[in-house]
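Reading the structure
This is what each chain is made of:
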Amino acid sequence: MPRIVIVGDRNSGKTTFLGLLYTAQVKSGSDKADDFRFHAAFESLDEISGVFQRLMSGSFPDSATKEGIREITFRLGYRRPGRGIFSRQRSQGWASDSSVAFHLIVLKTFEDDVARHREGSSIADASLRDAIGSDAMVIIVDARKLVAVDDDSEPKPLAKYDAAVESLLTAVQHSRAHAERAVLHPIFVFSKFDRVDADTLRRANLESAPPAVRKKGPRAAFAKALLDPNLPKTMAKVRARERGGLEFAPPSYFFSWVRTDETVSGRAEKVRLRRSGAVAWEPDYSSDEYLAFLECLWDLAAHTTE
Amino acid sequence: MPCALLGDRASGKTTFLGLLYAAQVKYGTGVQDDFRFHAPIASLNVMSAVYEGMKDGRFPSATLKEEITELGFIFGYLRKIVGKLPYYIRQQNWVRPFSTLRFSAYDVSGEDIEEFIDTGIASRPLIQQLLKSVVVAVLVDCSKMTTEIDTPAYKKMLRYDSTVAKLLVSFQTYKRQEYDRLKDSGVHTDPPRIYPVFVLSKFDTLRDDVLARLGLHRGFPEDKRQRKEYAEALLRVFVPQSLSQIRGGKVAGVSMDKAAYFLSWVHTETQEGMDPVGQSRIVRTAFAPEGGGEPDFSYDEYVTFIEHFRDIAHKIPDEILEAEKFQAQAMVRSA
């Protein structure tokens, strides 16, 4: 089962990201005609459905909900192509042996563990052990903190996070220097992208919205234009080609946003709900990005099980 | 074949069972005589009290609901081939003229369910019994369907959806584990299958503005496919997690694709220009040659519900017997 760790700064939107990922699955896998189905493990459903309930009633996850989210296991299935119109054959396209389970682990704090590991401690903490054994790492980048850095004198809000992620990647790389399975897939997710500073985009010569999910090349260029100045150490690390040991696969990039409604002062902002399809509704969020993310996980499983 | 009936508090579980009993009484005494039913004495005591109350225009009382933890009926469906035999042969027991199906509804306390959902461990025998169900009937209370997201009813429905989704996943997990256990013991059996049934209860209370918002008309279609589309259009909005986990059963190795949809309503007395005080009263039908004085309810839907189990009854008991046989084999092997 591919293991995917999710790292992110405090309040960067890790729980909301998982909640919206679950929402995308619920909304895409509840129609018989859908080409996608998913199954959530019992242990995961309790927590993640709590996040779903909050999002569907217009609220973001509260601190208690965030605290409860640690590990989520999903099983995904895409209909096998070429099954034709015969219903018996179509139903066979969902056989459980053709589906893939994923284990998503949220790393709440990892900076201290990495520091201890760097100082030579041989006892890796739980979060670091999770990262070391992972197949992919989702690096959440809070888009509100992105800046267009023209010179080094400007403050970089993501500098500390950049150093921490770079250290984590280095720790993983060292720990798996002689491992058999030595490819890690970095996945960058820009959270709260609707809150990105317009001036940052303008100064980086970027459009206000990223290119569509199918335009992989332009999207990568768009993302790199933001990541290179904001997470320079992390980007250098994933680009570096080391002899032997752990390799980093080419990164994938996704952009997450969820629209909110203004509330009276002092009250928490509300998630805006929108009509979805003919009869349902859902949070007003970047659903295409989440569906593309799920496909990315599916591809990743194909690579890790080969 | 055990059948689990899931429903929120005050979603109409006892009323549903009372109306099912009323439908069985009427349908089982019809001229056609291809359906019969039997109820154990404990269940009969409760159900006949519910039935009497309904014939008197009253909904079941809360005390009555707490009298028993398992309500059981045995449905008997005349086997097709037996129906063609001469009457005197058909009456012989050795012909086994009826395929039977044990319909059991469990009244599990909210605390037991919550404990099970929190821990994932079915420590109570009743929960273990519940998990063995092959048919899972889910009551969805239409009176709680609202498009106003800030109302308690909307939030209640969201919570109910999460609870049902978790229970469905636990049914799947249990069946899958049982299947794997048998397989590991060298027993070859078909992949597990659960038959989900959704009952849209209190359908007459579904608000017009909700239907209009969802682009649906008031009447429930008769055509099987259209019924499914109509019901799923409602369920996709109000219980999307449950629906997605039913669909997802297949990727988890437990097929739940053969879902069926029914609605339930019972007419209540309305006083023109006045709001009813206290519990509303059930409208009863006028007397006619085919009967009368019965609660005015969605009788045809209940007959369709009973008939839905005919195919399952012809097929499932054999599977259950086989499973029992396999389990016995497995025990012999392990001994």
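Residues numbered from 1 in each chain as written. Chains lettered and ligands numbered in written order. Predicted model: local features only at pLDDT ≥ 70, side-chain atom pairs only at ≥ 80, totals over all residues.

**Digging into the overall build of chain B**
Of the regular secondary structure elements, chain B holds twelve helices and seven strands. Out of the 335 residues belonging to chain B, those deemed buried represent 39%. Once local pairs closer than 6 in sequence are excluded, the contacts in chain B between residues at least 24 apart make up 75%. (Helix = DSSP H or I, 4+ residues; strand = E, 2+ residues; numbered from the N terminus. Buried ≥ 20, exposed ≤ 12 C-beta atoms within 10 Å, placed from the backbone. Contact = placed C-beta atoms within 7 Å.)

**Some words on the overall build of chain A**
Helices and strands together make up the secondary structure of chain A, namely eleven helices and twelve strands. Across chain A, contacts joining residues at least 24 apart in sequence account for 77% of those joining residues at least 6 apart.

**What about the nonpolar core?**
Counting 163 residues, the largest nonpolar core has Ile6, Val7 and Leu168 of chain A together with Ala137 and Phe198 of chain B as the members making the most contacts within it. In terms of residues, this core owes the most to one element, helix 8 (residues 152-184) of chain B, which gives ten residues. Those residues in contact with Leu168 of chain A that sit more than four places away from it in its chain are Val7, Phe110, Val114 and Ala131 of chain A. (Core = buried A, V, L, I, M, F, W, Y, C linked by C-beta atoms within 7 Å.)

**Description of the interface of chain A and chain B**
The partner chain B presents 31 residues to the 31 residues of chain A that form the contact. Those elements that provide at least two residues to the side of chain A that touches chain B are helix 1 (14-28), strand 2 (36-40), helix 2 (42-56) and strand 3 (71-78) of chain A. In terms of residues, the side of chain A that touches chain B owes the most to one element, helix 2 of chain A, which gives eight residues. By residue class, the composition of the side of chain A that touches chain B is twelve nonpolar, twelve polar and seven charged. (Nonpolar A, V, L, I, M, F, W, Y, C, P; charged D, E, K, R; others polar.)

**Details of the pairing of strand 1 (residues 3-6) of chain B**
Residue and element names in this part refer to chain B. Neither face of strand 1 is open: one carries Cys3 and Leu5, the other Ala4 and Leu6, and all of them are buried. Looking at chain direction, strand 1 and strand 5 (residues 135-141) are connected through four bridges and run parallel. The partner of Ala4 across the bridge, within strand 5, is Val136. (Pairing = 2+ DSSP bridges.)

**Here we look at the sheet that holds strand 4 (residues 98-106) of chain B**
Strand pairing in a sheet takes place through backbone hydrogen bonds and is either antiparallel or parallel in direction. Residues and elements named next belong to chain B. In space, the three strands of this open sheet follow the order 2-3-4, with antiparallel pairing throughout. Two strands in the sheet have a free side with no partner beyond their single neighbour: strand 2 (35-38) and strand 4. Direction aside, the axes of adjacent strands within the sheet are offset by 20° on average. Examined bridge by bridge, strand 3 (residues 70-78) and strand 4 share nine bridges and lie antiparallel to one another. Note that in strand 4 the partner of Glu70 across the bridge is Tyr106. (Axes fitted to C-alpha atoms, helices over the stretch in contact; angles between N-to-C directions.)

**Overview of the pairing of strand 3 of chain A**
Two strands pair when backbone bridges link them, and strand 2 of chain A and strand 3 of chain A are joined in this way by five bridges, in the antiparallel orientation. Opposite Ala40 of chain A, over in strand 3 of chain A, you have Phe74 of chain A as the bridge partner.

**A few points about the packing of helix 7 (residues 159-175) of chain A against helix 10 (residues 232-239) of chain A**
Residue and element names in this part refer to chain A. Between helix 7 and helix 10, whose axes approach to 7 Å, the crossing angle comes to 25°. Judged by the inter-axis angle, helix 7 sits roughly parallel to helix 10. Contacts from Asp162, Ala163, Val165, Glu166, Leu169 and Thr170 of helix 7 reach helix 10 at Pro232, Lys233, Thr234 and Lys237. Partitioning the contact of helix 7 with helix 10 into residue classes produces four nonpolar, two polar and four charged. (Parallel < 35°, antiparallel > 145°, perpendicular 65-115°, else oblique.)

**Details of the sheet that holds strand 1 of chain B**
Residues and elements named next belong to chain B. A sheet is described by the order of its strands in space; here four strands give the open sequence 1-5-6-7, paired in parallel fashion. Since the sheet does not close on itself, it has two edges, and those belong to strand 1 and strand 7 (260-263), each with one partner. When the angles between neighbouring strand axes are averaged without regard to direction, this sheet yields 20°.

**A closer look at helix 1 (residues 13-27) of chain B**
Three- or four-residue spacings in an α-helix give side chains the same orientation, since the helix completes a turn every 3.6 residues. All names here are of chain B. Helix length check: helix 1, at 15 residues, gives a terminal C-alpha distance of 20 Å against a target of 21 Å (1.5 Å per residue), a fit within 8%. Of all 15 residues making up helix 1, twelve are buried, and the element is well covered by its neighbours. For helix 1, the set of buried residues is Lys13, Thr14, Thr15, Phe16, Leu17, Gly18, Leu19, Leu20, Tyr21, Ala22, Ala23 and Gln24. (Expected span 1.5 Å × (residues − 1).)

**A look at the packing of helix 1 of chain A against helix 2 of chain A**
All names here are of chain A. Contact pair helix 1 / helix 2: the axes reach a minimum separation of 9 Å and the direction vectors enclose 85°. Regarding the angle of helix 1 to helix 2, the classification is roughly perpendicular. Here Thr15, Leu18, Gly19, Tyr22, Thr23 and Val26 of helix 1 lie close against helix 2, whose contacting residues are Ile48, Val51, Phe52 and Leu55. Here the residues of the contact of helix 1 with helix 2 are counted per class, giving seven nonpolar, three polar and no charged.

**Quick look at the confidence of the model for chain B**
Of all residues in chain B, 81% have pLDDT values of 70 or greater, and the mean over the chain is 81. Interface scoring of the predicted complex returns ipTM 0.81; its pTM is 0.85. (pLDDT = per-residue confidence, 0-100.)

**Some thoughts on the environment of Glu247 of chain A**
Residues and elements named next belong to chain A. Mapped onto the fold, Glu247 is located in strand 7 (residues 247-248). Remark: the alpha-carbon pair of Glu247 and Val183, spanning 64 residues in sequence, is separated by 4.8 Å. Apart from the residues lying within four places of it in its own chain, the contact partners of Glu247 are Ala182 and Val183.

**Re helix 10 (residues 224-238) of chain B**
Along its 15 residues, helix 10 of chain B runs 21 Å from first to last C-alpha, staying within 8% of the 21 Å computed at 1.5 Å per residue. Within helix 10 of chain B, the full set of buried residues consists of Tyr230, Ala231, Leu234, Leu235, Arg236, Val237 and Phe238 of chain B.

**Overview of unusual backbone geometry**
Residue and element names in this part refer to chain A. Residue Lys192 is not a glycine yet carries a positive backbone phi of 55°. On the secondary structure map, Lys192 appears in the loop between strand 6 (183-191) and helix 8 (198-203). Lys192 sits in the buried class, given 23 other C-beta atoms within 10 Å.

**As for the environment of Pro40 of chain B**
Residues and elements named next belong to chain B. Summarising the element assignment, Pro40 is placed in the loop between strand 2 and helix 2 (41-55). Overall, Pro40 belongs to the partly exposed group, with 14 C-beta atoms counted inside 10 Å. For the pair formed by Pro40 and Leu71, sequence separation is 31 residues and the distance between their alpha carbons is 8.5 Å.

**Digging into the confidence of the model for chain A**
All names here are of chain A. In the predicted model, chain A carries a mean pLDDT of 83, and the fraction of residues at 70 or more is 82%. Across chain A, the element-wise mean pLDDT spans from 49 in helix 4 (residues 87-92) up to 96 in strand 8 (residues 252-255). Counting interchain partners and residues more than four positions distant, the pLDDT-below-50 stretch residues 82-89 has four contacts.

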